[in-house]
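Okay, here's what each chain looks like letter by letter:
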Amino acid sequence: MAFDVSLTALKGVGPRMAERLERLGLRSVEDLLFHLPYKYQDRTRVVAIGSLQPGVEAVIEGEIEVCDIKFGKRRSLLCRMGDGSGSIMLRFFHFSAKQKQALERGVRLRCYGEVRRGPVMLEMVHPEYRQVGDEMVTPQEEYLTPVYPATDGVAQKTLRQLAVQALNLLRQGEVKDYLPPELLASSGLPSLQQALLEVHQPLPDTPVFELIEGDTPARQRLVLEELLAHHLSLRQLRHKAQQDAAPLLKPTGLLRKKILAALPFALTAAQQRVIAEIDADLAQPFPMQRLVQGDVGSGKTVVAAAAAVHAIEAGYQVAVMAPTELLAEQHRYNFSAWLQPLGLKIAWLSGKQGIKQRRENLALLASGEAALAVGTHALFQDEVVFDQLGLVVVDEQHKFGVHQRLALREKGSRDGQVPHQLIMTATPIPRTLAMTAYADLDNSIIDELPPGRTPVETVVISGERRAEVVARVHKACGEEGRQAYWVCTLIEESEVLQCQAAEEAATMLVEALPDLKIGLVHGRLKPAEKEQLMARFKANELDLLVATTVIEVGVDVPNASLMIIENAERLGLAQLHQLRGRVGRGSVSSSCVLMYHKPLSRQGKARLAALRETNDGFEIARRDLELRGPGEVLGTRQSGVLRLRIADLERDQGLLPEVGRLANELLQRWPGQVAPLIDRWLGDGQRYGDV
Ligand code: ADP
Ligand code: MG
């Protein structure tokens, strides 16, 4: 393929430059073509000095009126230049004697630079400049000048020169367009060649802002192509996964019946529906890949347990993986309570357990004696060997990326059989996003909370009114016999500081509330200590639990009806929603007090307002998306769910339905284009499934 050619084929790129370009992710001529400008300079016309505004970059031309060295805090060379319409000051901090000489009164200059407000008049600081003769008409640029993301050792000028070479190659017509014109006809988008030329070399009148923000057909054409490539790659992954054989689960349903009968409640209709969807998957000869979304408290754990007993009854083991120790402990507690009465053994793997305990648990798994394993990432490790793994449950998916999910799948594969996978998340993902970011998964939604829950009332209070909050805790715990959480947050990543803050809060509360039994839990406690504290809180032996954000997920104490969060403005929306979800689990009305420190940023204010206004996880996810963008919401920044080069899932959301439609058509009518398209955007082992 002509455009897969290495950059060293271009003039000016030797091995050293190639290495530096690689730091920008640029390896081939094609990469260079998709390295898009993030802004443009207008060097196509000369602007009248009198019409300049601060902040714009412009070309100006005029005659030097005075030029002097000014001695002050910083020595500088100041040249006033006018063109009849007005004057501007050119300011140089670094200059040579020769330079000063050349810039004498009467000399004509053409300058390019950013216009700023100066002490006397508008200024350009260190403009690019060139002397022009009166009679000489110097040619201006034909196109807007692109500004590319650059890096150390790769100057803007170099990138521009290389781009021009690449564009000349493009003009010669060899670059492959994988999206046939018939496919794009209905969307009215241009060809690849047209789009790239327009983005790199826009004509002077092109609306630049739209070009950058993705609103022009040219930019959309490129974004669409990238999204399409990712979508197709995930679809391929899904297709590939369906070629694998999975354990055939033919349970009698007896265990399921027993476990459900022992529950103190009946399943909601939504839980039943999702369990039925899972059962249908488990009856297929290929592995289930299902994402279950359900708000905090919607009862995902029971759904997972219902799936687990199916696998266990069919003679297979189940792995339940959680993102944090505490959540893993919570699952261990729940699954033990449900499964042990049925005579089933549970293994437990944690990063913090001792060697002896660990060995025992590993042995239980390897021999098949344990039917189910609960743990954190520790379940990934090489020494963990299952006898017959049939189902993997991953809780709180947003903390794991596609690649991690795949790694776990590989781990469980044996004799050509791949375990079923159930992924649970409390971060609702808008449908269009799910289609793209999770196109390899089937989707289920638990869209109903168990009955009898009263919505949590949320108030937002300045930290200065702490005394009122303490009084509120006293009323709830001392007088009404309820329990409460007091969560301390810190910006610092340091666990030590976090714990200190929690300790201080606990000391303050013990003094202020002498009649209450108060416990303190933080990340530096030993697991056994933490567990014991949580157990005491659960058994209502403690009234108030002071904690760091370690209680974020998982803990389940229905009698707790008050949640206080200190410095709530420091946490993200999803995290606050999770924390708040710790209360409102019983039938008594609950409340959440969000304390903040002044001054509140605009974003902080918007987050707290969102929580006050709604309890609905989907609505909160929507606002979160609005405030932060999907990269953050999906945790892509950390785990690389989607590594997008030019598309932006939030900005380009509108294109997502089109992506699905085009993918179907491409697969049907031009299946040969799919592989090279994916290759172009996700080459070099980035493809989903290349773990
Ligand atoms: P999440 O979806 O946040 O993981 P959990 O599975 O922890 O929620 O469930 C929250 C609480 O609701 C638990 O105490 C659980 O036992 C309870 N629960 C689950 N399903 C029901 C139901 N159908 N009716 C009443 N309570 C339920
Ligand atoms: Mg849960």
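Fair warning: this is a prediction, and the values are worked out from it, not measured in the lab.

### A closer look at the overall build of the protein chain
Thinking step 1. In terms of regular secondary structure, the protein chain is built from 25 helices and 21 strands.
Thinking step 2. Seen through its C-alpha atoms, the protein chain measures out along the principal axes to roughly 100 × 65 × 45 Å.
Thinking step 3. Going through the 691 residues of the protein chain one by one, you find that 53% of them count as buried.
Thinking step 4. Taking as baseline every contact in the protein chain between residues at least 6 positions apart, the subset at least 24 positions apart corresponds to 75%.
Thinking step 5. Only carbon and sulfur atoms are counted for the fraction: they give 50% of the accessible area of the protein chain, which is about 30,900 Å².
Thinking step 6. Distance between charge centres in the protein chain, computed from 82 positive and 86 negative side chains, equals 2 Å.

### Considering empty space enclosed by the protein
Thinking step 1. For the structure shown, the criterion picks out two cavities of 30 Å³ or more.
Thinking step 2. Roughly 30 Å³ of internal volume is contained in the second largest cavity.
Thinking step 3. Forming the boundary of the second largest cavity are Leu237, Arg238, Ala241, Gln289, Leu406, Arg409 and Asp440.
Thinking step 4. Among the secondary structure elements, those contributing two or more residues to the lining of the second largest cavity are α8 (217-243) and α14 (402-412).

### Overview of the sheet that holds strand β10 (residues 317-321)
Thinking step 1. Spatial strand order, β11-β12-β10-β13-β14-β9-β15: seven strands in an open sheet with parallel pairing. Looking at which strands have only one partner, the edges of the open sheet turn out to be β11 (345-349) and β15 (442-446). In this sheet, adjacent strand axes meet at a mean angle of 20° when their direction is disregarded.
Thinking step 2. Note that strand β13 (residues 389-395) and strand β14 (residues 420-425) share five bridges and pair parallel. Looking at the pairing, valine 394 lines up with isoleucine 423 of β14.
Thinking step 3. Together, β10, β11 and β12 (370-375) form the strand contacts of helix α13 (residues 355-367), whose direction differs from that of β11 by roughly 130°.

### A closer look at unusual backbone geometry
Thinking step 1. In the segment running from lysine 598 into proline 599, the intervening peptide bond is cis, with an omega of -5°.
Thinking step 2. For proline 599, the location among the structural elements is in the loop between β21 (591-596) and α20 (602-613).
Thinking step 3. Positive phi is not limited to glycine here, since histidine 126 has a value of about 45°.
Thinking step 4. Relative to the assigned elements, histidine 126 resides in the loop between β6 (122-125) and β7 (128-131).
Thinking step 5. Within the chain, asparagine 540 stands out as a residue other than glycine whose phi angle is a positive 65°.
Thinking step 6. Turning to its location among the elements, asparagine 540 is positioned in the loop between α18 (527-538) and β19 (544-547).
Thinking step 7. Looking at asparagine 540, the relative accessible area reads 36%, which means it is partly exposed.

### Re the layout of surface pockets
Thinking step 1. One number sums up the size of the second largest pocket: a volume of about 840 Å³.
Thinking step 2. In terms of lining, the second largest pocket is formed by 38 residues, of which the most central are Gly299, Thr301, Val302, Asp556 and Arg585.
Thinking step 3. Elements with a minimum of two residues in the lining of the second largest pocket: α9 (254-262), α11 (300-313) and α12 (325-339).
Thinking step 4. Considering each element in turn, the lining of the second largest pocket owes the most residues, seven residues, to α12.
Thinking step 5. The residue inventory of the lining of the second largest pocket, partitioned by class, reads 19 nonpolar, 10 polar and nine charged.

### Regarding the packing of aromatic side chains
Thinking step 1. Following the criterion strictly, the structure yields four aromatic pairs and no others.
Thinking step 2. On the basis of an interplanar angle of 75° and a centroid distance of 5.6 Å, the ring pair of phenylalanine 92 and tyrosine 129 is categorised as edge-to-face. Here phenylalanine 92 is found in strand β4 (residues 87-92), whereas its partner tyrosine 129 is found in strand β7, with 37 residues between them in sequence.
Thinking step 3. Over the ring of tyrosine 112 we find arginine 43, and its NZ or CZ is 3.9 Å from the ring centre.
Thinking step 4. Cation over ring: arginine 74 sits above phenylalanine 93, and NZ or CZ is 4.1 Å from the ring centre.

### Concerning the packing of α8 against helix α24 (residues 656-669)
Thinking step 1. Put simply, α8 and α24 touch, their axes get as near as 9 Å, and they point 65° apart. Between α8 and α24 the crossing geometry is right-handed. For the pair formed by α8 and α24, the contact residues are Leu224, Leu227, Leu228, His231, Leu232 and Arg235 on the first element and Leu656, Glu658, Val659, Gly660, Leu662, Ala663, Asn664, Leu666 and Leu667 on the second.
Thinking step 2. Residue composition of the contact of α8 with α24, grouped by class: 10 nonpolar, three polar and two charged.

### A short note on the sheet that holds β21
Thinking step 1. The strand order across the open sheet built from six strands is β16-β21-β20-β17-β19-β18, with neighbouring strands paired in parallel fashion. Two strands in the sheet have a free side with no partner beyond their single neighbour: β16 (457-462) and β18 (518-521). Direction aside, the axes of adjacent strands within the sheet are offset by 15° on average.
Thinking step 2. By the bridge criterion, four bridges tie β18 to β19 in an arrangement that is parallel. Note that in β19 the partner of isoleucine 518 across the bridge is leucine 544.
Thinking step 3. The sheet contacts of α18 involve β17 (483-487), β18, β19 and β20 (560-565), and relative to β18 the element is tilted by about 145°.
Thinking step 4. Strand contacts of α20: β16 and β21, with the helix running at about 150° to β16, the strand carrying the most contacts.

Definitions and limits used
- Residues numbered from 1 in each chain as written.
- Chains lettered and ligands numbered in written order.
- Predicted model: local features only at pLDDT ≥ 70, side-chain atom pairs only at ≥ 80, totals over all residues.
- Heavy atoms only, no water.
- Helix = DSSP H or I, 4+ residues; strand = E, 2+ residues; numbered from the N terminus.
- Buried < 20%, exposed > 50% of the residue type's maximum accessible area, 1.4 Å probe, protein only.
- Contact = heavy atoms within 4.5 Å.
- Areas by Shrake-Rupley, 256 points an atom, 1.4 Å probe, with all protein chains shown as cover.
- Lys, Arg positive; Asp, Glu negative; His and termini not counted.
- Charge placed at Lys NZ, Arg CZ, Asp CG, Glu CD.
- 1 Å grid on protein atoms, 1.4 Å probe; cavity = no way out; pocket = protein on both sides within 12 Å on 5 of 7 lines; lining within 4 Å.
- Points joined across faces, edges and corners; volume = space filled by probe spheres on them.
- Pairing = 2+ DSSP bridges.
- Axes fitted to C-alpha atoms, helices over the stretch in contact; angles between N-to-C directions.
- Nonpolar A, V, L, I, M, F, W, Y, C, P; charged D, E, K, R; others polar.
- Phe/Tyr/Trp six-rings, centres within 6.5 Å; stacked < 30°, edge-to-face > 60°.
- Lys NZ or Arg CZ within 6 Å of the ring centre and 35° of its normal.
- Left-handed = near helix turned anticlockwise from the far one by under 90°.

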